[in-house]
Amino acid sequence: MKNSLKDIAKLIKKSGKIAIFTHINPDYDALGSSLALYYACQSLNKEVDIYIKDELTKTQRLLVDSTVLKNEFTDRQYDVFISTDVSSKELLGDYKDVFINAQTNIVIDHHSSNELIGKFTFREPSYSSCSEIIFLLIKLMKVKITDKIASLVYVGLSGDTNSFTNTNTNQNSYYTACECYKYGGDTVKINEIMYRTQTTKETELEKYLLNNYHTIDDVAYCIVTLKTLEKMDARKADCDFYSSKLISMEGINIAFSVIESKPNYYNLSFRSKYGFNVRDIASKFGGGGHIGAAGAKLQYDNVDKLLNQILETIEAQRVENNED
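Let me begin by describing the structure that accompanies this report. Quick caveat, the model's predicted, so the values are computed rather than measured.

1. Quick notes on the overall build of the chain
Across its full length, the chain holds 13 helices and 12 strands. Its C-alpha atoms give the chain a radius of gyration of 19 Å, within 12% of the compact-globule value 20 Å for 324 residues. Seen through its principal axes, the chain has C-alpha atoms that stretch 55 × 45 × 40 Å. Taking all 324 residues of the chain together, 52% fall into the buried category. A gap of 7 Å separates the mean positions of the 38 positive and 43 negative side-chain charges of the chain.

The following block contains the structure:
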């Protein structure tokens, strides 16, 4: 059952203690949506905690205040538990049981997957980011939109649309961006950090990508083993831009990266150009996302076999679409 945002706004306003969660390995939308809601609840004098266990990247720490994030769940009695941008219970990581077993939990998401359902659920795939939904929710909560909240919403929106270039970008994406600017969101600074600032580490990782990517027809991919990550003193999150970088290549319609985050555990990231659906491909590996941007996380004992299975899945989808 899909609840209204108005009902959720009323529930939050009646609650005194609130816990907020988002998905593991948080991206910009996860951070933007959860933190914007966090500050909105604070402005209503709520006692609110936000839980994110994974360490943020250097670029993410330039955009958000990581000092407000908690990584160890305290044994407290919260009135309501809220998840933002989480499409499945597995993506809650160590907080899965805490959230699922909560007496009152709220799921706010924009992915089409319905694998995570709360006592109250608002899921709307027509939005390009969860941050846009949180922006509407904050307005319904009658919270004053500060420049900090506007900036966080813009971070999430820009991140999930890849600066308004992904196929999930729509009319509301641009409208919300204008609203963020109107309320004082520092869009210039955010764009500078997200798209025009590259650390030495990111430069080294991009060099690895350019020297180790492969193409088969209109498909480009790169594999990063745990051994390679350790050699480069990098983490999985540091390589999250690989699929987005590869899809920008001329003649490439589908791009993906396979990154081993721990022994035999692989993170798959897919991107596609208009007319190509990678959400269905990701779903074959237990993942999901959007038509043009999706991902999955799974355990596999052989990366070469995994690569072959991904390529076979892409080809099978192509054959099926041609038959249709």
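2. Things to note about the nonpolar core
Counting residues in each nonpolar core, the largest one holds 51 residues, and the members touching the most others are I12, L35, L37, I108, L137, M141 and I149. In terms of residues, this core owes the most to one element, helix α2 (residues 28-43), which gives 8 residues. Those residues in contact with L137, other than ones at most four positions away along the chain, are L5, I8, A9, I12, L37 and I108. Listed in part, the 22 residues of the second largest apolar core include I223, L268, A282 and F285.

3. A closer look at the sheet that holds strand β10 (residues 265-272)
Strand order across the open sheet formed by 6 strands is β7-β8-β9-β10-β12-β11, with mixed pairing between neighbours. Where the open sheet ends on each side, the last strands, each with one partner, are β7 (214-216) and β11 (288-289). When strand β9 (residues 254-262) meets β10, the two strands line up antiparallel, connected through 8 bridges. Among the inter-strand pairings, V258 is bridged to a residue of β10, identified as L268. In the packing of helix α9 (residues 200-212) onto the sheet, the strands contacted are β7 and β8 (219-224), and the crossing angle to β8 comes to about 125°.

4. Some words on the packing of aromatic side chains
Per the counting criterion, the structure on display carries 18 aromatic pairs. Both rings, one in F164 and one in Y174, keep their centres 5.5 Å apart while their planes meet at 20°; by these two values the pair is stacked. Remark: Y174 occurs in helix α7 (residues 171-182) and F164 occurs in the loop between α6 (147-161) and α7; sequence separation between them is 10 residues. The exposure class assigned to F164 is buried, which follows from its relative accessible area of 17%. On the basis of an interplanar angle of 10° and a centroid distance of 5.2 Å, the ring pair of Y221 and F256 is categorised as stacked. One end of the pair, Y221, is in strand β8; the other, F256, is in strand β9, with 35 residues separating them in the sequence.

5. What to know about the packing of α2 against α6
At a minimum axis distance of 7 Å, the contact between α2 and α6 shows a crossing angle of 160°. Taken together, the axis directions place α2 and α6 in an arrangement best described as roughly antiparallel. The interaxial crossing formed by α2 with α6 has left-handed handedness. Packed against α2, whose contacting residues are Y28, D29, G32, L35, A36, Y39 and A40, the element α6 presents K148, I149, L152, V153, V155, G156, G159 and D160 at the interface. When the residues that make up the contact of α2 with α6 are grouped by side-chain class, the tally is 9 nonpolar, 3 polar and 3 charged.

6. What about unusual backbone geometry?
Backbone geometry at K142 places phi at a positive 65°, although glycine is not the residue there. Mapped onto the elements, K142 comes out in the loop between α5 (130-140) and α6. We classify K142 as exposed; its relative accessible area is 68%.

7. Concerning helix α1 (residues 5-14)
Because an α-helix packs 3.6 residues into every turn, residues spaced three or four apart end up facing the same way. Among the residues of α1, those classed as buried are L5, I8, A9, L11 and I12. Angular distribution of buried residues about the axis of α1 spans 165°; they occupy a single face of the element. Structural note: α1 exposes K6, K10 and K14 on the side pointing more than 90 degrees away from its buried face. Those residues of α1 that are buried lie in contact with β1 (17-21), α2, β4 (80-84), β5 (105-109), β6 (120-123) and α5.

8. A word on a positive patch on the surface
A grouping of K6, K10, K13, K14 and K142 is seen on the molecular surface, where their side chains present a positively charged patch. Tracing the backbone through its elements, the reader meets K14 in helix α1. Its relative accessible area of 70% is what places K14 among the exposed residues.

About the criteria used
Residue positions are given per chain, counting from 1 as you read along its sequence in written order. For a predicted model such as this one, the threshold for reporting local features is a pLDDT of at least 70, and the threshold for listing and counting side-chain atom pairs is 80 or more; totals across whole chains, interfaces and linings nevertheless cover every residue. Excluding hydrogens and water, the side-chain values take into account all heavy atoms of the structure. Under the scheme used here, helices are H or I runs from DSSP no shorter than 4 residues and strands are E runs no shorter than 2 residues, and both carry numbers assigned from the N terminus. Taken over C-alpha atoms, the radius of gyration is set against a globule rule of 2.2 Å times the number of residues to the power 0.38. Any residue under 20% of the maximum accessible area for its type is buried, any over 50% is exposed, and the rest in between are partly exposed; the area is computed with a 1.4 Å probe on protein chains only. Residues counted as positive are Lys and Arg, residues counted as negative are Asp and Glu, and His and the chain ends are not counted. A single reference atom marks each charge: NZ on Lys, CZ on Arg, CG on Asp, CD on Glu. In this description, a nonpolar core means a group of buried Ala, Val, Leu, Ile, Met, Phe, Trp, Tyr and Cys residues linked to one another through side-chain atoms lying within 4.5 Å. Contacts between residues were defined by any pair of non-hydrogen atoms, one from each residue, lying within 4.5 Å. Two strands pair under a simple rule: DSSP has to find at least two bridges between them. Axes, fitted as lines to C-alpha atoms, cover a helix only where it is in contact. Angles between the N-to-C directions of the axes lie from 0 to 180 degrees. Aromatic rings from Phe, Tyr and Trp, with only the six-membered ring used for Trp, were paired whenever their centres fell within 6.5 Å, and each pair was classed as stacked if the ring planes differed by under 30 degrees, edge-to-face if by over 60, and tilted otherwise. Should an angle fall under 35 degrees it is taken as roughly parallel, and over 145 as roughly antiparallel, whereas 65 to 115 is taken as roughly perpendicular and any remaining angle as oblique. For a crossing to be left-handed, the near helix must be turned anticlockwise from the far one by less than a right angle; the clockwise case is right-handed. In this classification, Asp, Glu, Lys and Arg are treated as charged, Ala, Val, Leu, Ile, Met, Phe, Trp, Tyr, Cys and Pro as nonpolar, and every other residue, Gly included, as polar. Of all possible arcs, the one meant is that of the directions from the helix axis to the C-beta atoms. Like charges within 9 Å and nonpolar side chains (Val, Leu, Ile, Met, Phe, Trp, Tyr) within 5 Å are joined into patches, using only residues over 30% in relative accessible area that form no salt bridge. For the accessible areas, the method is Shrake-Rupley and the probe is 1.4 Å, while residue cover comes only from the protein chains on display. Take a side-chain nitrogen of Lys or Arg and a carboxyl oxygen of Asp or Glu: if they are within 4 Å of each other, that pair is a salt bridge.

Keep in mind these values describe shape, not function.
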